Amino acid sequence: LEFIFKNANPKDLIVIANRLQNSFANPLTQKSKESYQESTFYENDKKISRNQAMQLWFQKLEDIVKKAEKNGINILYMMPFPEFGLPAKSCIYSASRQSCSKSSKKVLLKNYYYLNQNLINLSNYYKNFELIDPFKDLCDEDFCFMKGLSNDKTKEVFYYVDDNHLSTEGTRMLYEQITTKINEF
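Residues numbered from 1 in each chain as written. Predicted model: local features only at pLDDT ≥ 70, side-chain atom pairs only at ≥ 80, totals over all residues. Heavy atoms only, no water.

**Student:** Help me out: how do you make sense of the overall build of the protein chain in this one?
**Tutor:** What the protein chain contains, in helices and strands, is eleven helices and nine strands. A globule of 185 residues ought to have a C-alpha radius of gyration of about 16 Å, and the protein chain, at 18 Å, matches this closely. A total of 185 residues make up the protein chain; the buried ones form 40% of that total. Sequence-distant contacts, at least 24 apart, represent 68% of the contacts inside the protein chain between residues at least 6 apart. (Helix = DSSP H or I, 4+ residues; strand = E, 2+ residues; numbered from the N terminus. Rg over C-alpha atoms; globule rule 2.2 N^0.38 Å. Buried < 20%, exposed > 50% of the residue type's maximum accessible area, 1.4 Å probe, protein only. Contact = heavy atoms within 4.5 Å.)

Have a look at this one:
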């Protein structure tokens with residue numbers, strides 16, 4: 001980040017996307033459960049709890065936002081994405097295709113609650129920190145979908161290439177939201 005801040009100009013935009021939910025939200029798949037259970041967190045060579053690590057992470061994010069604000073730089077942050085129990089390719093061939101290609105929006109939002117609240121609080125406090133919410137474009141009132149109509153509504157497409165990474169078509173679903181936020185800066 002030091003390189004970015006050293007070379008950035010006022011009105012530049014930093015985009016942050018990560019898998020924060022892997023470390024700080026309850027895992028939804030066997031693969032993420034194993035990773036979650038094996039995670040250990042340290043600060044200054046001292047082991048700390050998952051909750052302490054999350055608080056520290058958000059404090060460091062706020063420090064980045066403050067520094068960016070001081071330099072006239074804007075930040076666009078991608079909130080956690082909906083996740084699924086199976087990768088897209090496995091879901092295609094699964095006998096339970098219909099159920100594996102959607103996830104309960106309520107369950108996911110409950111699982112991401114503390115992460116999302118921390119991000120929303122930062123966004124409400126700092127004018128240079130805006131959020132992209134994938135749930136707005138990849139979910140309806142009840143479910144989030146691995147597949148659906150393309151952005152131009154002409155064909156059915158997969159929004160994901162696996163259980164948590166967007167395909168090109170999935171990225172296109174977020175295009176309008178991203179463009180609007182960029183133009184607001």
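On we go from here.
**Student:** It is not clear to me how the pattern of salt bridges should be interpreted in this structure. Could you clarify?
**Tutor:** Here the idea is simple: oppositely charged side chains can pair when their charged atoms come close. As enumerated under the stated definition, the model contains five salt bridges in all. We note a salt bridge from Glu 2 to Lys 67, for which the minimum N-O separation is 3.1 Å. Here Glu 2 is found in helix α1 (residues 2-7), whereas its partner Lys 67 is found in helix α4 (residues 50-70), with 65 residues between them in sequence. Taking the relative accessible area as the measure of exposure, Glu 2 reaches 57% and is therefore exposed. With a relative accessible area of 31%, Lys 67 lands in the partly exposed category. A salt bridge links Lys 181 to Glu 130, with the shortest nitrogen-to-oxygen separation between them at 3.1 Å. Residue Lys 181 is located in helix α11 (residues 175-184), and its partner Glu 130 is located in strand β6 (residues 129-132); the two are separated by 51 residues in the primary sequence. (Salt bridge = Lys/Arg side-chain N within 4 Å of Asp/Glu carboxyl O.)

**Student:** What am I meant to see in the nonpolar core here?
**Tutor:** Within soluble globular proteins, side chains that are nonpolar generally end up buried alongside one another. Ranked by internal contacts, the top residues of the largest apolar core, which has 43 residues, are Phe 58, Leu 61, Ile 75, Tyr 77, Leu 119 and Phe 129. At the level of elements, β1 (13-16), α2 (20-24), α4, β4 (74-78), α8 (113-125), β6 and α9 (135-138) are the ones that each hand at least two residues to this core. When residues no more than four places from it in sequence are discounted, the contact partners of Leu 119 are Phe 58, Leu 61, Tyr 77, Met 79, Pro 80, Phe 129 and Leu 131. (Core = buried A, V, L, I, M, F, W, Y, C linked by side-chain atoms within 4.5 Å.)

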